[in-house]
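# Structural overview
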Amino acid sequence: MILDLGTEAKEYGHEALRAFQAAGGDQLVQQAEAKPDAREALVAPVLEALGVWELDPRTDPDSAEAAAALCRSAGYWALPYPFAERLSRPTDLDVDGLVVVADGAPEGAVAAVEKRWAAVTLAGHRSSVTGQVAAGSGFVAALELSAIDNNGAGDVALGLVLPCWTLLGMLDRAMELTIAHVRLRKQFGQPLASFQGVQFQLTDAEVERSGLDMLAKYSLWSLGSDDALDDALALRLAAIEAAEVVFRVCHQLHGAVGFCDETTLSWLSRYSQPLRRLPMGLSATRDYLTRRLARRGLTGLYG
Amino acid sequence: MDFDMGEKATQLRSALRGLIKTHVPDDFLGAFTDDPADLEVAQRFCRTLAEQGLLCMSWPKEFGGRDASVWEQTVVREEMWAHHEPRGAQYMGVNWVGPIIMRHGTEEQRRQHLPPIAHGEVIWCQGFSEPEAGSDLASLRTTARRAGDGWRVSGQKIWTSYATMAQWCFLLARTSKEEKKQQGLTIFLVPMNDPAIQVRPIRAMLGPHHLNEVFFDDLKATDADVLGPVGGGWSIVQDVMSFERVGIARYARCERLLVAAPSVLGDRWEDVPAELRGRWTRMLAHCRRARLLAYRVVSLQASGRIQPADAAAYRIAVTKLDQDSAEVLMEIAAFMPRNNAGAGPHVAATEYFRAEVEDHWRYSQASTVASGSIEVQRMLLSRALLAVS
């Protein structure tokens, strides 16, 4: 049993974390929000320097680990770029990236990133993205699609797993910021951290974050197996739940300042939304996985 | 990464399931029942495991074990708990009493106590908690005072599992008052058949014989009964805790029951509301999460890099899983028909499943209290997160 990413992947993730910081860190998402068209220009140089586009996560497990570590680092800084989507591109289509979409209302956080996008539904129906209509905050665009084929079932799992790693990076950062805040902020003459009510909320959030960390690793390892999609959906289910708990606790413990744009939590929280809502939110994800599982459990000790 | 436990662990799992199927009755619900036959099943099963070298496989070879890998030990924990712990009370002797005696005992204590544990012949209980010392264990009041060249022990223990069936007690008592309450504590290994020891079972919703009070009325003990140095009991307690970091594999029974539910319900599974089936799915994901967190603890412990907070996060996740899954299973079990006409394997399976679920629910109520309450786990975890003392 090897329960952690390889040394090279972890080092790559650390290198990316430093590179994103040097490129602007928390400022990147703020600059991108002011000028969405500049997203590509803001991050492309640092991604090139990291050799991101040489990764091949669909065919090489080491690349998949490196891609996951990169996504986590990108989440830490709320990097304003559809990084996981780019890395999820299928090998058999001549496209730059893949967006997993819901049936009926296809959307993706790819607004203003002019690339050749493909889309795939959970059932494996693949399409070309032929147009975008800005649909809301978080760089989300409604996608206009043109059908390609129904051969994308094998494309979906990676397209679900990598965004969960990005979300995990956001939870890492939210916890880090909140721990720093409660150690510094004093009320009634003592740091918030000294109150057991504060401590216990943090532990509940940490259980969610650390549990997601393990599930993310498991689902990454499972890519390519027959269970990959079930495992990716189970991961996504846990990721959305974890995000709900962690961000709620982090906002609560930050108090009013956490809603202000001068705090990073405000940015992380709102930019976590596309990751949590697309292609499906908590209830729809749970419902879809339940229908897939039917009468069998997830593969495990008894399933 | 590689989440495969390996071929040896897979073979061991298969062997254990085979033994359980052969030697444990289909309607077994653990040794804690009013039927003495259930205790006998557990005692016999331990002897069977011992004969096949599977009871103490985690022990070093020099003490009759197999030096089993941590993953083989994990498989044993999972399969035993998933099937209502057919080792009964003896799991404690195997898991930590024996290893602690190996580590801290004299040659004479090792000779006396290790073979009966290894042969599946003896039950131990743990005399730690007291009415005024639960989570705050070091505040205990049971005293052992010097009397000639021996000791006299007086006091009361409570919540002592297996005390009605145990032959020996691993007893923590105060032997002196020191500056810190963690000092001046000593471990004694005492026989439970001494007339100075009285056991009073406490009837409880957890089931018979789980909880007991144990009274020590001027119990005579000798220096030969002391484990480790006099006054050095607290460090041994810490050592005991380190063996119990992963604890029972609660997630394994949760998963087995959840996975079994649809087939036991048969066509009635379709009557289960979609919302409840969604909660079933959620619990399956939480089972996996708890299992992976357990594996992380096992891995960290094996590498010697574990911190108390690493185990705490797992303990919080698994005890909440135990309770949450029990609620879901109780609700699912309500969709099973009662008073089935006739008899037959399916009716028996349905009734047994309902009994298993109820047993799981009852026992799960204590999961956030027993073996270190969830509040203590939260304190450990938050202390690490916030680096406060």
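This text gives an overview of the structure that appears in the document. Bear in mind the structure is a predicted one, so any value in this text is a computation, not a measurement. (Residues numbered from 1 in each chain as written. Chains lettered and ligands numbered in written order. Predicted model: local features only at pLDDT ≥ 70, side-chain atom pairs only at ≥ 80, totals over all residues. Heavy atoms only, no water.)

What follows deals with the sheet that holds strand β1 (residues 97–101) of chain A. Residue and element names in this part refer to chain A. Pairing in this open sheet of 5 strands is mixed, and the strands run β1-β3-β4-β5-β2 from one edge to the other. Looking along the sheet, the strands with just one partner apiece sit at the ends: β1 and β2 (107–108). Where β2 and strand β5 (residues 141–149) come together, 2 bridges link them in antiparallel fashion. Across the sheet, the residue bridging to glutamate 107 is alanine 142, located in β5. (Pairing = 2+ DSSP bridges. Helix = DSSP H or I, 4+ residues; strand = E, 2+ residues; numbered from the N terminus.)

What follows deals with the environment of A:Thr299. Residues and elements named next belong to chain A. Along the chain, threonine 299 turns up in the segment after α11 (282–293). Residues threonine 299 and aspartate 230 lie 69 residues apart in sequence; the distance between their C-alpha atoms is 8.7 Å. Within the structure, the side chain of threonine 299 is placed 3.0 Å from the side chain of aspartate 227, a separation counted as a polar contact. (Polar contact = N/O pair within 3.5 Å; in protein donor to acceptor, adjacent residues only side chain to side chain.)

Each partner contributes residues to the interface: chain B has 50 residues there, and chain A has 45 residues. Of the roughly 4,400 Å² buried between chain B and chain A, counting both surfaces, carbon and sulfur atoms make up 67%. Interface area lost by chain B to chain A is led by B:Met1, B:Phe3 and B:Arg288, which between them contribute 21%. Scanning the region where chain B abuts chain A turns up 5 salt bridges. Among the salt bridges present, the one from A:Arg295 reaches B:Glu270, with a minimum N-O distance of 3.5 Å. Counting every contact that joins chain B to chain A gives 17 residue pairs in polar contact (both at pLDDT 80 or more). For the side of chain B that touches chain A, the secondary-structure elements that each account for two or more residues are α1 (7–23), α3 (70–82), α7 (250–265), α8 (274–303), α9 (308–333) and α11 (374–386) of chain B. Looking at the side of chain B that touches chain A, the element that brings in the most residues is α8(B), giving 16 residues. Split into classes, the residues belonging to the side of chain B that touches chain A amount to 24 nonpolar, 8 polar and 18 charged. (Contact = heavy atoms within 4.5 Å. Buried area = accessible area lost by both parts, 1.4 Å probe. Salt bridge = Lys/Arg side-chain N within 4 Å of Asp/Glu carboxyl O. Nonpolar A, V, L, I, M, F, W, Y, C, P; charged D, E, K, R; others polar.)

With that settled, the discussion passes to helix α1 (residues 7–22) of chain A. Residues and elements named next belong to chain A. Taking 1.5 Å of rise per residue, the 16 residues of α1 would be expected to cover 22 Å, and the 23 Å separating its terminal C-alpha atoms lies within 8% of that figure. The set of residues buried in α1 consists of Ala9, Tyr12, Gly13, Ala16 and Phe20. Viewed along the axis of α1, the buried residues span an arc of 100 degrees, placing them on a single side of the element. Residues Thr7, Glu8 and Ala22 are exposed on α1 and point more than 90 degrees away from its buried face. (Expected span 1.5 Å × (residues − 1). Buried < 20%, exposed > 50% of the residue type's maximum accessible area, 1.4 Å probe, protein only. Arc of directions from axis to C-beta.)

Here we come to the pattern of salt bridges. This structure, assessed with the given rule, holds 48 salt bridges over all chains. Here A:Asp172 ties to A:Arg209 by a salt bridge, and the two come within 2.9 Å at their closest N and O atoms. Of this pair, A:Asp172 sits in helix α6 (residues 156–184) while A:Arg209 sits in helix α7 (residues 196–222), and the two are 37 residues apart along the sequence. When sorted by exposure, A:Asp172 lands in the same class as A:Arg209, which is buried. A:Glu241 is the partner of B:Arg282 in a salt bridge, and the nearest nitrogen-oxygen pair spans 2.4 Å. Here B:Arg282 is found in helix α8, whereas its partner A:Glu241 is found in helix α8 (residues 228–254) on a different chain. Overlapping salt bridges bring together A:Asp4, A:Lys10, A:Arg72, A:Asp172, A:Glu206, A:Arg209, A:Asp213 and A:Lys217 as one network.

Now for the nonpolar core. Ranked by size, the top nonpolar core spans 235 residues in total, and within it B:Phe170 and B:Tyr251 carry the most contacts. Of all the elements, α8(A) adds the most residues to this core, at 17 residues. (Core = buried A, V, L, I, M, F, W, Y, C linked by side-chain atoms within 4.5 Å.)

The next subject is the packing of α8(A) against helix α9 (residues 264–271) of chain A. Residue and element names in this part refer to chain A. Packing of α8 against α9 leaves a shortest axis separation of 11 Å and a crossing angle of 155 degrees. One finds that α8 runs roughly antiparallel with respect to α9. With respect to the hand of their crossing, α8 and α9 are arranged in left-handed fashion. On the side of α8, the interface is formed by Phe247, Cys250, His251 and His254, while α9 contributes Leu265, Leu268 and Ser269. (Axes fitted to C-alpha atoms, helices over the stretch in contact; angles between N-to-C directions. Parallel < 35°, antiparallel > 145°, perpendicular 65-115°, else oblique. Left-handed = near helix turned anticlockwise from the far one by under 90°.)

Within a pair of aromatic rings, the relevant descriptors are the distance that separates the centres and the angle that separates the planes. On inspection of all chains with the given rule, the structure shows 18 aromatic pairs over all chains. Both rings, one in A:Tyr218 and one in B:Phe3, keep their centres 5.3 Å apart while their planes meet at 75 degrees; by these two values the pair is edge-to-face. In this pair, A:Tyr218 sits in helix α7 while B:Phe3 sits in the segment before α1, so the two residues belong to two different chains. Per residue, the accessibility class of A:Tyr218 equals that of B:Phe3, and both read buried. The interplanar angle of 25 degrees and the centroid separation of 5.8 Å between the aromatic rings of B:Trp124 and B:Trp168 together place this pair among those described as stacked. Pair noted here: B:Trp124 is in strand β1 (residues 124–127) and B:Trp168 is in strand β4 (residues 168–174), with a separation of 44 residues, a long-range link. Accessibility assignment for this pair places B:Trp124 and B:Trp168 in one class, buried. Here the aromatic residues A:Phe20, A:Trp53 and A:Phe83 are joined through ring pairs into a cluster of three or more. Just above the ring of A:Phe139 sits the side chain of A:Arg39; from NZ or CZ to the centre is 4.0 Å. (Phe/Tyr/Trp six-rings, centres within 6.5 Å; stacked < 30°, edge-to-face > 60°. Lys NZ or Arg CZ within 6 Å of the ring centre and 35° of its normal.)

Residue and element names in this part refer to chain A. Relative to the assigned elements, serine 127 resides in strand β4 (residues 126–134). For serine 127, a relative accessible area of 11% corresponds to the buried category. Those residues in contact with serine 127 that lie beyond four places of it in its chain are Trp117, Ala118, Ala119, Leu145, Ser146, Ala147 and Ile148.

That's the geometry; what it means functionally is another story.
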